[in-house]
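Examining the three-dimensional arrangement
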Amino acid sequence: MLTTVDIAKDIRDFLMSRRARITPGQVGLAPGQRRRVPGLRREEAAQLAGVSTEDYTQIERGNVGGVSDEVLQAITRALRLSDDETAHFFDLCRAAAGGKAPGRTRRPAAQRVPSGVQALMDSMTAAPAIVITGSLDIVAGNTLGRGLYGPVFERAAGIPNLARFIFFDSAAAQLFPDWDAMADDAVGLLQAEAARSPHALALTDVVGELATRSEPFRTRWAAHNVKAHRNGTKRFHLDQFGELTLNYNVFDITATPGLSLVGYTAEPQSPSAQTLRIMDSWSAAEELS
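Time to look at unusual backbone geometry. Unusually for a residue other than glycine, histidine 224 sits at a positive phi of about 55°. Here histidine 224 lies in the loop between helix H13 (215-223) and strand S3 (231-238). Histidine 224 sits in the buried class, given a relative accessible area of 3%. Even without being glycine, glutamine 269 reaches a positive phi, approximately 65°.

This next bit is on the nonpolar core. Tyr149, Phe176 and Leu190 are the most contacted members of the largest nonpolar core, which totals 42 residues. In terms of residue count, helix H11 (residues 179-196) provides more of this core than any other element does, six residues in total. Ignoring sequence-local partners within four residues, the contact set of tyrosine 149 consists of Ile130, Ile138, Leu162, Phe176, Lys234, Phe236 and Tyr264.

What follows deals with the sheet that holds strand S2 (residues 138-141). Adjacent strands of a sheet pair through backbone hydrogen bonds, lying either parallel or antiparallel. One open sheet accounts for five strands, arranged S2-S1-S5-S4-S3; its pairing is antiparallel. Two strands lie at the open edges of the sheet, namely S2 and S3, each paired on one side alone. Averaged over all neighbouring strand pairs, the angle between strand axes comes to 30°, with direction disregarded. Across three bridges, strand S1 (residues 129-133) lies against S2 in antiparallel orientation. Directly across from isoleucine 132, in S2, lies its bridge partner isoleucine 138.

We now examine the pattern of salt bridges. Inspection of every chain in the model, using the stated rule, returns 18 salt bridges. Salt-bridge contacts for glutamate 85 lead to arginine 21; the nearest nitrogen and oxygen are separated by 2.9 Å. Placement of the pair is glutamate 85 in helix H5 (residues 83-96) and arginine 21 in the loop between helix H1 (4-20) and helix H2 (42-49), with a sequence separation of 64 residues. On the basis of relative accessibility, which here comes to 38%, the residue arginine 21 falls in the partly exposed class.

The next subject is the packing of H11 against helix H12 (residues 201-213). Interhelical geometry of H11 versus H12 gives an angle of 135° and a closest axis separation of 11 Å. Judged by the inter-axis angle, H11 sits oblique to H12. In the crossing of H11 with H12, the sense of the turn from one axis to the other is left-handed. Counting all contacts with H11, which are made through Leu190, Glu193 and Ala194, the residues of H12 involved are Leu203, Val206, Val207 and Leu210. When the residues that make up the contact of H11 with H12 are grouped by side-chain class, the tally is six nonpolar, no polar and one charged.

Moving on: the packing of H11 against H13. Contact geometry of H11 with H13 gives a least axis separation of 10 Å together with a crossing angle of 60°. Taken together, the axes of H11 and H13 lie oblique to each other. You can see that H11 and H13 cross each other, and the crossing is right-handed. From H11, Trp179, Asp180, Ala183, Asp184, Val187, Leu190, Gln191 and Ala194 reach across to H13, where they touch Pro216, Phe217, Arg220 and Trp221. Class assignment for the residues of the contact of H11 with H13 results in eight nonpolar, one polar and three charged.

With that settled, the discussion passes to the packing of aromatic side chains. Under the defined criterion, the tally for this structure stands at 13 aromatic pairs. Relative to phenylalanine 90, the ring of phenylalanine 89 lies with its centre 6.1 Å away and its plane at 75°, an arrangement referred to as edge-to-face. With respect to class, phenylalanine 89 is no different from phenylalanine 90; both count as buried. Note that arginine 213 overlies the ring of phenylalanine 168, its terminal NZ or CZ placed 3.8 Å from the centroid. It is lysine 234 that lies over the ring of tyrosine 248; its NZ or CZ is 4.7 Å from the centre.

The subject of this paragraph is H13. In an α-helix, one turn spans 3.6 residues; hence positions three or four apart end up facing the same way. Taken as a whole, H13 has its buried residues at Phe217, Arg220 and Trp221. The buried side chains of H13 occupy one side of the element, clustering within an arc of 100° when seen end-on. The N-cap of H13, judged by a side-chain oxygen 3.1 Å from the amide nitrogen of phenylalanine 217 a few residues on, is serine 214.

So, on to the pairing of S1. Most of S1 is tucked away, with five of its five residues classed as buried. Alternating positions in S1 separate into two faces, Ala129, Val131 and Thr133 on one and Ile130 and Ile132 on the other, with burial throughout. Pairing geometry for S1 and strand S5 (residues 259-265), over five bridges, is antiparallel. Each bridged residue has a counterpart across the sheet, and for threonine 133 the counterpart in S5 is leucine 259. Counting the residues that bridge the hairpin from S1 to S2 gives four residues, and of these leucine 136 lies at a positive phi of roughly 70°.

Reading the values: rules and limits
Residues numbered from 1 in each chain as written. Predicted model: local features only at pLDDT ≥ 70, side-chain atom pairs only at ≥ 80, totals over all residues. Heavy atoms only, no water. Helix = DSSP H or I, 4+ residues; strand = E, 2+ residues; numbered from the N terminus. Buried < 20%, exposed > 50% of the residue type's maximum accessible area, 1.4 Å probe, protein only. Core = buried A, V, L, I, M, F, W, Y, C linked by side-chain atoms within 4.5 Å. Contact = heavy atoms within 4.5 Å. Pairing = 2+ DSSP bridges. Axes fitted to C-alpha atoms, helices over the stretch in contact; angles between N-to-C directions. Salt bridge = Lys/Arg side-chain N within 4 Å of Asp/Glu carboxyl O. Parallel < 35°, antiparallel > 145°, perpendicular 65-115°, else oblique. Left-handed = near helix turned anticlockwise from the far one by under 90°. Nonpolar A, V, L, I, M, F, W, Y, C, P; charged D, E, K, R; others polar. Phe/Tyr/Trp six-rings, centres within 6.5 Å; stacked < 30°, edge-to-face > 60°. Lys NZ or Arg CZ within 6 Å of the ring centre and 35° of its normal. Arc of directions from axis to C-beta. Polar contact = N/O pair within 3.5 Å; in protein donor to acceptor, adjacent residues only side chain to side chain.

If you want it as structure tokens, here you go:
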């Protein structure tokens, strides 16, 4: 999926999808006659970016070697890319300009969670926390984090992977009441990681499996809706405790690039905060029994 040829295809599909969502009227252009597409034509995107149609066409085909950042920035402005989409576009261009994909050598050793990170999470007795990789493997968690993602851990044959759980396990729709949003987020995260690390074996494995077996995944992947998910709100439903609404924040673990800590908090005095306290007390009681 993520060979150099495919990176060029990702650039093409991404830019085409961004062109398609902008009508000429939105950018002050006359609609013209006999339009085959509702969005911008290549020549219109080129005009807005201030480059020749030929140069724009080459860029959209993934031929970005030697193209200046100024030209790429002009295209992002012409297509009204968000900050997240701009970062994704530049990641794709860097990957495409990097030359041939490296050979598939042996799989690298698993990323290790720094001991200090685990100790930090363990001290967070009122806040669930997990550590995830760019391919959405959950490689660590504190007691509440493992409780919050209990079905993901319990139903995994090996290292639990959040994307596989969402798209392959029927229990995902129960754990995540907002399943569509969770699925969108997972694909967006994998797509962004694919642009940053296009030849990572763990990533190509999970994306290849999802693309082969899941139509909902393929549909979302083709949409190229890229958005960073650094903070927000998520809902969970646990059989024993009911529904929780939690705020989350994502922090990069700089000591081990590629790992991120996701921490969850509840609004003070909310039913979800009370549920977290109950979950923590139950866990403490189980450890003592």
